[in-house]
Amino acid sequence: MASTSTSTARMTSSWANRPRPRQQRLTAPEPAFGAAPAAKGLQPISPSRLPSTSSCVEQPRLKLPHSSAASIDRICAAKLTPALFKRYQLSGTPLLIEGCLRSPSSGQHDWSLGSFVAAVGPEQLTCRIHGGDGFATSPDRWHSRSHMRSSVVTSASVFSESIASGLAAANDCYVQHDISGTLAGKRLAPTFDSIGRASGLRIHPLYGPLVNMWWGPPGHTEPLHMDVTDGTLLQLHGQKRVVLFPPSCWRLLRPYPLDPAGVSWAFSRLSLQAALAAEPATLEPPLREALARRMEVIVHEGDTLFIPACAAHEISGLELPTCARQGDVIGGSRAPAPTTGSGGCRSNSRLRTGAPTQAGASNDQHHVLSVNRFWETDPSRVMPHLPEDAQRAFRADPSGMRGRSTREANGRPSG
């Protein structure tokens, strides 16, 4: 992580009085986003060598609530170079790349609800139903291979109606799908290609030019997990809050053991929300160490978050009240648990038909949409961070696909 100046804030939390690095904006001399300048020798990450710039138009940014978590360095997309990026990649350090939708290759596309539905078209999608009672972030309640209760096949138009009616929020529903073959995917592919050229990232030989969609109402949280590949998460609509840990923390975050019939070893058994709410003295020292090293960032529209391989992360879609659009401090929100249906879920048939319910009205502003791509990753950067049982599994199948369908493997949580 970059060396930064620090300030100490008084807080009521038990994590009070920990130094909090200020978020840095990094620059580099090359101005062209997507160009491929020759890489130079690696240098230590040092913001003092990279003076601030106004080349990125400053946008109103939601503020993180006071937290002891470290911030994440930011750089304007037009200033990103492979040499600069490589220092972050090799050290396993996240980086927020701003302005990725302002390049000529990105076009000026509308990612509001109706426009996005039209660009996805009639593609069949799988809607995951988690239940509006916090099931997705409660590993102690998972009794199968997944953090969802059930799923249904739907379409973009039907799911958008479920978002607008409030049904999707009430049942904590989320859709993941590779949309690279749709009009939306074709519009987004040049942006990912530009990110690849500017960073030096290369297409994953197995996954290919993935445009992996993560879509739903505000309030959904993808639980704590890690990926064995480098990833870039591009925010298209709404905002997401991401909590991350250095790759060296993965062993300390209670990963699931290798169990072909159980939850993937890439997930954590830890409820992050519960751990952060607990008194530090009640937690074992390794977990306290990991929590002390966590980072947080809010990813805004047009931002791309680089998530290094093995960097554990939890991602939440944020509600957008009017005051938040004016820059006020906000946090994630979750719809209350529905009062009908079993296991915290309403009837799945409504998600198939898109029938309106009494769950509460939403509107076009209340959908949260991002896409990610996984990139080729040197296994030598992955192995040191895995527990022994996961190392055996990774040696046998570095793709992580053995025993899983292509859809399931490509749908690893990262958005």
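What counts as what
- Residues numbered from 1 in each chain as written.
- Predicted model: local features only at pLDDT ≥ 70, side-chain atom pairs only at ≥ 80, totals over all residues.
- Heavy atoms only, no water.
- Helix = DSSP H or I, 4+ residues; strand = E, 2+ residues; numbered from the N terminus.
- Contact = heavy atoms within 4.5 Å.
- Areas by Shrake-Rupley, 256 points an atom, 1.4 Å probe, with all protein chains shown as cover.
- Pairing = 2+ DSSP bridges.
- Axes fitted to C-alpha atoms, helices over the stretch in contact; angles between N-to-C directions.
- Salt bridge = Lys/Arg side-chain N within 4 Å of Asp/Glu carboxyl O.
- Buried < 20%, exposed > 50% of the residue type's maximum accessible area, 1.4 Å probe, protein only.
- Core = buried A, V, L, I, M, F, W, Y, C linked by side-chain atoms within 4.5 Å.
- Phe/Tyr/Trp six-rings, centres within 6.5 Å; stacked < 30°, edge-to-face > 60°.
- Parallel < 35°, antiparallel > 145°, perpendicular 65-115°, else oblique.
- Nonpolar A, V, L, I, M, F, W, Y, C, P; charged D, E, K, R; others polar.
- Disulfide = S-S within 2.5 Å.
- Polar contact = N/O pair within 3.5 Å; in protein donor to acceptor, adjacent residues only side chain to side chain.
- Left-handed = near helix turned anticlockwise from the far one by under 90°.

Description of the overall build of the chain
Across its full length, the chain carries 11 helices and 16 strands. When contacts within the chain are restricted to residue pairs at least 6 apart in sequence, long-range pairs at least 24 apart make up 82% of them. Split by element, the accessible area of the chain, about 16,900 Å² in all, is 53% carbon and sulfur.

Focus: the sheet that holds strand E13 (residues 295-299)
One open sheet holds the 4 strands; their spatial order is E10-E15-E12-E13, and the pairing between them is antiparallel. For this open sheet the edge positions go to strand E10 (221-225) and E13, each flanked by a neighbour on one side alone. Geometrically, the sheet is characterised by an average inter-axis angle of 15° between neighbouring strands, direction not taken into account. Strand direction decides the pairing type here: strand E12 (residues 240-244) and E13, joined by 5 bridges, are antiparallel. Bridge pairing in E13 links Lys 240 to Val 299.

Points about the pattern of salt bridges
Opposite charge on two side chains allows them to pair when their charged atoms are near. Throughout the structure, instances matching the rule amount to 10 salt bridges. For Arg 241, the salt bridge goes to Glu 296, with nearest N and O atoms at 2.6 Å. Within this pair, whereas Arg 241 is found in strand E12, its partner Glu 296 is found in strand E13, the two being separated by 55 residues in sequence. For Glu 296, a relative accessible area of 4% corresponds to the buried category. What you see here is one network of salt bridges that share partners, running through Asp 133, Arg 141 and Arg 149.

Notes on the environment of Gly 200
Along the polypeptide, Gly 200 turns up in the loop between helix H5 (183-199) and strand E9 (212-216). A relative accessible area of 45% places Gly 200 in the partly exposed class. Along the primary structure Gly 200 and Leu 80 are separated by 120 residues, whereas in three dimensions their C-alpha atoms are 9.9 Å apart.

Structural notes on the nonpolar core
Residues Phe 116, Met 213, Trp 215 and Val 371 are the most contacted members of the largest nonpolar core, which totals 42 residues. Excluding its chain neighbours within four sequence positions, the residues that come into contact with Met 213 are Phe 116, Leu 125, Val 175, Gln 176, His 177, Ile 179, Leu 369, Ser 370 and Val 371. By size, the runner-up hydrophobic cluster in this structure holds 25 residues, among which are Val 228, Trp 250, Leu 253 and Met 383.

Points about the packing of aromatic side chains
Inspection of the entire model under this criterion finds 8 aromatic pairs. For the ring pair Trp 142 and Tyr 256, a centre distance of 6.1 Å and an interplane angle of 10° mean the geometry is stacked. Note that Trp 142 is positioned in the loop between strand E6 (124-129) and strand E7 (150-155) and Tyr 256 in the loop between E12 and helix H6 (272-277), a separation of 114 residues in sequence. Judged by its relative accessible area of 14%, Tyr 256 is buried.

A few points about the packing of helix H2 (residues 113-120) against H5
Where H2 meets H5, the closest approach of the two axes is 5 Å, and the angle between their N-to-C directions is 100°. For the element pair H2 / H5, the angle class is roughly perpendicular. Along its contact with H2, which presents Phe 116, Ala 119 and Val 120, the element H5 presents Leu 183, Ala 184 and Arg 187. Partitioned by chemical class, the residues of the contact of H2 with H5 number 5 nonpolar, no polar and 1 charged.

Notes on the state of the cysteines
Under the definition given, this model contains 0 disulfides. Note on Cys 173: no disulfide assigned, nearest cysteine sulfur contributed by Cys 127 at a separation of 4.2 Å.

Describing the environment of Asp 230
You can see Asp 230 is positioned in strand E11 (residues 230-237). Linking Asp 230 and Ile 307, residues 77 residues apart in sequence, is a C-alpha distance of 6.0 Å. Among residues more than four places away in sequence, those in contact with Asp 230 are Gln 89, Leu 201, Phe 306, Ile 307, Pro 308, Ala 309, Arg 373, Phe 374, Trp 375, Glu 376, Thr 377 and Arg 381. Polar side-chain contacts of Asp 230 include one of 2.9 Å to the side chain of Gln 89.

Some remarks on the packing of H2 against helix H3 (residues 156-165)
Between two packed helices, the angle of one axis relative to the other and the distance separating the axes together describe the packing. At a minimum axis separation of 9 Å, H2 and H3 run at an interaxial angle of 160°. Judged on the interaxial angle alone, H3 and H2 are roughly antiparallel. In this structure, H2 meets H3 at a crossing whose hand is right-handed. Contact residues: H2 offers Leu 113, Val 117 and Val 120, while H3 offers Ala 156, Ser 157, Ser 160 and Ile 163. Residues that form the contact of H2 with H3 fall into these classes: 5 nonpolar, 2 polar and no charged.

Quick look at H3
By the criterion of burial, H3 is predominantly enclosed, with 7 of the 10 residues buried. Taken residue by residue, H3 has Ala 156, Val 158, Phe 159, Ser 160, Ser 162, Ile 163 and Ser 165 as its buried positions. Looking one or two places after H3, you find Gly 166, whose phi comes out positive at around 95°.

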